[in-house]
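Breakdown of the fold
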Amino acid sequence: MQRTVHVIFTTHWDREWIQSFEQYRYRLVRLMDKLLDILEREPELIFVADGQTIMLEDYLAIRPEQEARLRGLAQAGRLVFGPWYVLSDQFLECDEAMVRNLLVGRAIADGYGGAMREGYVPDSFGSLAVLPAVLNGFGIRSANLGRGSQTGRERRDEHLFRWRWQDGSEVLALDIGYGNGLALSYPDIWGNIAHHPATAKTAARAAEDIISQQGAGFPTRALYASAGVDHMELRPGMSAILDNLNAGGEHLFISSTPERFLDAARAEIASQSIELESVTGEMRGDLRSPMALQGVLSTDVRLKQANRAAELLLTRLFEPLNVAAWGCAYDHHAVLQRAWRLLLACHPHDSICASCDDNTMDDIHARVRQVRELGAIASERLLHELLPETPASPATRPAVALFNGLPNRGVDAFDLLIRVPERLSAPAYALKDESGAPVGALWPLAQRQMDLESYYALDKDLIRMANKAAAPERADDSVYTLCRAEGVLDFGACSGFRTFTLAPFEECAPAHSASDTHIENDLLALDVAADGQLTLTRKADGRSAGGLGWFEDLADAGNTYDYLRLTGDAPRYSWREARVTRRLLRCDALACELQVILDWDLPARLEGWTWPERRIWPPAQVPGRRSDEFVHHCIATTYRLRPGLERLEAVTTFANRAVNHRLRLGFSLNERQPYITGAHFAALERAWPDAADPYPTRPLVDYLLLGNGLLFASAGLYECEARALPAGGEVLVTLCRSIDCIGIAAGVNYEDVRNPLALGAHEIRYALAFVDTSARAAQAAAAYLSSLLGHACALPLAQARPDLPAELLSLSSPALVFSACKRSERNDGVIIRFWNIGG
């Protein structure tokens, strides 16, 4: 049978990795300069730019004079970009960021002949269960992935399969990413590229291997051969290589694209009624074909936390506020677009996975911080400029406005800084809602004069601006009073604005008793045992969960890509080893707080192995032992209960001083039931992993719902593991992986990684609650993780800005989970996106 071999000339382009972005851009410019010359000399060739469009931006920033050549080749179908802006790690880029990734990629490619309509994810460390639905939403009906393909009960020999999601979405999928036809353009990846040009002989041998070894895996005449690997430049003379292969006449070799191959395969499958296997779910491998590289979920947790905070700031606050302010304030649409592109540029898989060298990681952290700073100043200024700051009369007491961008928030706490544009003299004020009922309190913290720098300063920075102290002679309306506002409020089903009046503050006695071991509110009670473990009880029905909030420490002999357990190492548990101190910090009408301090000595490092042994990947047995030297760790957790709020809030801080270990937060369960993890546009029910699973950790996004209805919510912790015990089990969430090398998966293994992003201070914020459904879990986690924004204005909002919609968006069904409320990409309409967590 004559086969048609679709040869995809490509490169896999890591924007930054074991070299910095600017060093890789230097290489990219050289690659693109040579590529343009080759494509113009060899008109039969097509080049696929790794499914990304950010390569266009990076190249044209250095070579703007080449835009016309790029555009001409792209519009002729010879140079193919998109559909993505960047090739991200899907599990570490939130669902909304994934959609924006495609939106931006498509928009850029539209100016260059249009994006490739194929879900090209050749090197993601696994793929999302919902990806077929997302791709279908962009009109994309095919995809190819290079990692994590499931094999089912029996090993699947075919490279083509149908990949479906629960809503009926489907793509024709190929389980080959890139590089399987490497020798057609570069015979030896480890050889010197200058001294090993492709020849007709090596290409003929490679072509024979593709047809004989991979041909049986394709039920179609069409075969797939990707000629390109990481950062590889297109070699000149590929047209002659293809002509030589075609001279024999037995098989046809054509320069092609992944989209063209899958379109040809789909046509054959339809015309010949070929049956393909259907697969549903995540592409993260299985027991027959386990996928490594799972450790990236917890490498550099602080980067993951900062990135998730930036995503939440943009989607749950800045974008909805920009919709509410349409026509009423300065247009921030361009600022939002800049923020998203800057954040997406942090999502290439090696970047957000934190598998880069130290200097590059510093750069990535800086970019994420820039997004958060830009989002913070823009959203604060937007709200401040919506609300009049000049008092209606000297006797008028200002009102306080809160903006909530999350519909179906329900009862939730607020605890934030609010700027009042006048001098406040009382030590505290009561906050009252529209009906006159008290909902919280406002405490003045500092006063600053109104000048240009104060006007544009972030609220949190006004406290630090000691040189901006208000001069006594300045008028009251020329002074900002920075205040802390705290309370609990029923936000109902609508997002939008709420206004509160200030009234004299009356100190109230706490409604419940508290001690160094017990706090409670009207809904929950927390007890802390002598070993630091928690028992949380729901008063309404007596439901109780014990054995919560302990810590496990294990040696980690791995690297940025993979956790590797030390042979013979036994877990260390805080409840067994740590010295525990418990103390009541606060008990008043607004909150009760109890702190638990664990003093715990942990081994400083690993000993007894050599670097050559660590280069064996993955090792069957990891030698060595934990050191006899111990370093002290103080793990302090503050637990808070607020009246009227059915949620326990926790803040854990510690300074990591050890390397080669993994610290996790644990929860004990009396029985093993399926548990649920938050996912992208989904809540995924997960079974307890098989004991033979070499990679038992699983991804989560924002929350974890245990079998007893206990909800754990936190932003930026992406790795959990359910571990069976003789009686019941335990679920653990990774807080920190402290490792000392990048790993052999990078092709190099730096021996001296200073690991600055695991050592030092960490802060983990999380919440626990009891919920009855997945929908309630998703909504409760969203409420806890979504920030509010506040500012004072001269009058209640209805009087001050009657043109401003007090109510923005309401989702009436409890099964609908909010995803986005934003202006459209063209800034000519509003996009509302939500998803159904129900049946």
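Worth saying up front: this structure is predicted, and the values here are computed from it rather than measured.

Turning our attention to the overall build of the protein chain. Check the secondary structure of the protein chain and you find 18 helices and 40 strands. The dimensions of the protein chain, computed from C-alpha atoms along their principal axes, are 95 × 60 × 50 Å. Counting the 839 residues in the protein chain, one finds 61% classified as buried. Residue pairs in contact within the protein chain that sit at least 24 positions apart in sequence constitute 76% of those at least 6 positions apart. Summed over all atoms, the accessible surface of the protein chain reaches about 31,300 Å², with 51% contributed by carbon and sulfur. Looking at the protein chain, you have 85 positive and 108 negative side-chain charges, and the mean spots of the two groups are 1 Å apart.

What follows is about the sheet that holds strand β29 (residues 675–679). Strand order in this open sheet of nine strands is β22-β23-β26-β27-β36-β33-β32-β29-β30, and the pairing throughout is antiparallel. Looking at which strands have only one partner, the edges of the open sheet turn out to be β22 (579–587) and β30 (682–686). Looking at each pair of strands side by side, their axes are set apart by 20 degrees on average, direction ignored. Looking at chain direction, strand β32 (residues 703–705) and strand β33 (residues 710–713) are connected through three bridges and run antiparallel. Across the sheet, residue leucine 704 finds its bridge partner in β33, namely phenylalanine 712.

Packing of helix α9 (residues 301–324) against helix α10 (residues 333–344) leaves a shortest axis separation of 11 Å and a crossing angle of 165 degrees. When the axis of α9 is compared with that of α10, the two are roughly antiparallel. Relative to α10, the crossing made by α9 is left-handed. On the side of α9, the interface is formed by Asn307, Ala310, Glu311, Leu314, Thr315, Phe318, Glu319 and Asn322, while α10 contributes His333, Val335, Leu336, Ala339, Trp340 and Leu343. By residue class, the composition of the contact of α9 with α10 is eight nonpolar, four polar and two charged.

Turning our attention to the pattern of salt bridges. Applying the stated criterion across every chain yields a total of 61 salt bridges. The partner of arginine 69 in a salt bridge is aspartate 37, and the shortest N-O contact between them spans 2.9 Å. Linking arginine 69 in helix α3 (residues 67–75) with aspartate 37 in helix α1 (residues 21–41), this pair joins segments that are 32 residues apart in sequence. Residue arginine 69 is classed as partly exposed on the basis of its relative accessible area of 24%. In this structure, arginine 640 and glutamate 593 form a salt bridge, with 2.8 Å as the shortest nitrogen-oxygen distance. Taken as a pair, arginine 640 in strand β26 (residues 630–641) and glutamate 593 in strand β23 (residues 592–603) lie far apart in primary sequence, 47 residues in all. Glutamate 593 matches arginine 640 in its accessibility class, with the two residues each being buried. Taken together, the shared-partner salt bridges in this structure form one network comprising Arg409, Asp412, Asp415, Arg484, Glu486, Arg586, Asp588, Glu593, Arg640, Arg642, Arg647 and Glu649.

Our next topic: the nonpolar core. One broad trend across soluble globular proteins is that nonpolar side chains are buried collectively. Counting 177 residues, the largest nonpolar core has Leu70 and Leu184 as the members making the most contacts within it. Counting residues in hydrophobic clusters, the runner-up holds 46 residues, among them Leu534, Leu598, Leu641 and Leu700.

A complete count under the given rule lists 14 aromatic pairs for this structure. Within the aromatic cluster, the residues linked to one another by ring pairs are Phe218, Tyr224 and Phe261. Note that arginine 15 overlies the ring of phenylalanine 21, its terminal NZ or CZ placed 4.1 Å from the centroid. Above the ring of tryptophan 326, the side-chain terminus of arginine 823 is found at 4.4 Å from the ring centroid.

Right, let's get into helix α4 (residues 95–110). When the terminal C-alpha atoms of α4 are compared, their 23 Å separation across 16 residues agrees well with the 22 Å that a helix rising 1.5 Å per residue should span. Taking burial as the measure, the 16 residues of α4 include 13 buried ones, the bulk of the element.

Assignment of secondary structure puts glutamate 721 in strand β34 (residues 719–724). Within polar-contact distance, the side chain of glutamate 721 engages the side chain of arginine 664 at 2.7 Å. Leave out the neighbours within four places in its chain, and glutamate 721 touches Arg662, Arg664, Pro696, Thr697, Glu730, Val731 and Leu732.

Strand pairs in the sheet, formed through backbone hydrogen bonds, run parallel or antiparallel to each other. An order of β4-β5-β7-β6-β10 is seen for the five strands of this open sheet, with the pairing classed as mixed. Sheet topology places β4 (119–121) and β10 (278–280) at the edges, where each strand pairs with a single neighbour. Averaged over all pairs of adjacent strands, the angle between their axes in this sheet comes to 30 degrees, without regard to strand direction. Across the face of the sheet, helix α8 (residues 258–272) comes into contact with β4, β5 (142–145), β6 (160–164) and β7 (170–174) while running at roughly 110 degrees to β7.

Moving on, we come to the pairing of strand β13 (residues 429–432). Pairing between β13 and strand β14 (residues 438–449): four bridges, direction antiparallel. Across the sheet, residue leucine 431 finds its bridge partner in β14, namely glycine 440. Between β13 and β14, which pair antiparallel one after the other, the connecting turn spans five residues, and glycine 436 there sits at a positive phi close to 90 degrees. As paired elements, β13 and strand β16 (residues 494–504) share four bridges and run antiparallel to each other. Its bridge partner being in β16, alanine 430 is matched across the sheet by alanine 503.

What follows is about the environment of leucine 706. Note that leucine 706 resides in the loop between β32 and β33. Leucine 706 sits in the buried class, given a relative accessible area of 4%. Residues leucine 706 and glutamine 673, 33 residues apart in the sequence, show an inter-C-alpha distance of 7.8 Å. Sequence-distant contacts of leucine 706, defined by excluding residues within four places in its chain, comprise Phe667, Leu669, Tyr675 and Val731.

Take α1 next. Given a rise of 1.5 Å per residue, 21 residues ought to cover 30 Å, and the 30 Å separating the end C-alpha atoms of α1 matches this to within 8%. If you check which residues of α1 are buried, you get Phe21, Tyr24, Arg25, Leu28, Val29, Leu31, Met32, Asp33, Leu35, Leu36, Ile38 and Leu39. Of the surrounding elements, those touching the buried residues of α1 are β2 (47–48), α2 (54–60), α3 and β3 (79–80).

As a further point, take the pairing of β23. The buried count for β23 comes to eleven of twelve residues, which makes it a mostly enclosed element. Relative to β23, β22 is paired through eight bridges, and the arrangement is antiparallel. If you follow arginine 579 over to β23, its bridge partner there is aspartate 599. Between β22 and the antiparallel strand that follows it, β23, lie four residues. Bridging between β23 and β26 involves twelve bridges; their strand directions are antiparallel. Across the sheet, tryptophan 600 pairs through a bridge with histidine 633, a residue of β26.

This part covers the packing of α10 against helix α12 (residues 358–386). Relative to each other, α10 and α12 sit at 160 degrees, their axes nearing to 9 Å. Compared by their axis directions, α10 and α12 come out roughly antiparallel. Note on packing geometry: the crossing formed by α10 with α12 is left-handed. Side by side, α10 and α12 meet where Val335, Arg338, Ala339, Leu342 and Leu343 of the first sit next to Arg367, Gln370, Val371, Leu374 and Ala378 of the second. Tallied by class, the residues present in the contact of α10 with α12 amount to seven nonpolar, one polar and two charged.

Turning to the side chain of serine 88, a few remarks are in order. Locating serine 88 in the fold gives a position in the loop between β3 and α4. Here glutamate 93 takes part through its side chain, which lies 2.9 Å from a polar atom of the side chain of serine 88. When sequence neighbours within four positions are dropped, the list of residues in contact with serine 88 reads Glu93, Asn101, Ser124, His347, Pro348 and His349.

So, how was this worked out
Residues numbered from 1 in each chain as written. Predicted model: local features only at pLDDT ≥ 70, side-chain atom pairs only at ≥ 80, totals over all residues. Heavy atoms only, no water. Helix = DSSP H or I, 4+ residues; strand = E, 2+ residues; numbered from the N terminus. Buried < 20%, exposed > 50% of the residue type's maximum accessible area, 1.4 Å probe, protein only. Contact = heavy atoms within 4.5 Å. Areas by Shrake-Rupley, 256 points an atom, 1.4 Å probe, with all protein chains shown as cover. Lys, Arg positive; Asp, Glu negative; His and termini not counted. Charge placed at Lys NZ, Arg CZ, Asp CG, Glu CD. Pairing = 2+ DSSP bridges. Axes fitted to C-alpha atoms, helices over the stretch in contact; angles between N-to-C directions. Parallel < 35°, antiparallel > 145°, perpendicular 65-115°, else oblique. Left-handed = near helix turned anticlockwise from the far one by under 90°. Nonpolar A, V, L, I, M, F, W, Y, C, P; charged D, E, K, R; others polar. Salt bridge = Lys/Arg side-chain N within 4 Å of Asp/Glu carboxyl O. Core = buried A, V, L, I, M, F, W, Y, C linked by side-chain atoms within 4.5 Å. Phe/Tyr/Trp six-rings, centres within 6.5 Å; stacked < 30°, edge-to-face > 60°. Lys NZ or Arg CZ within 6 Å of the ring centre and 35° of its normal. Expected span 1.5 Å × (residues − 1). Polar contact = N/O pair within 3.5 Å; in protein donor to acceptor, adjacent residues only side chain to side chain.

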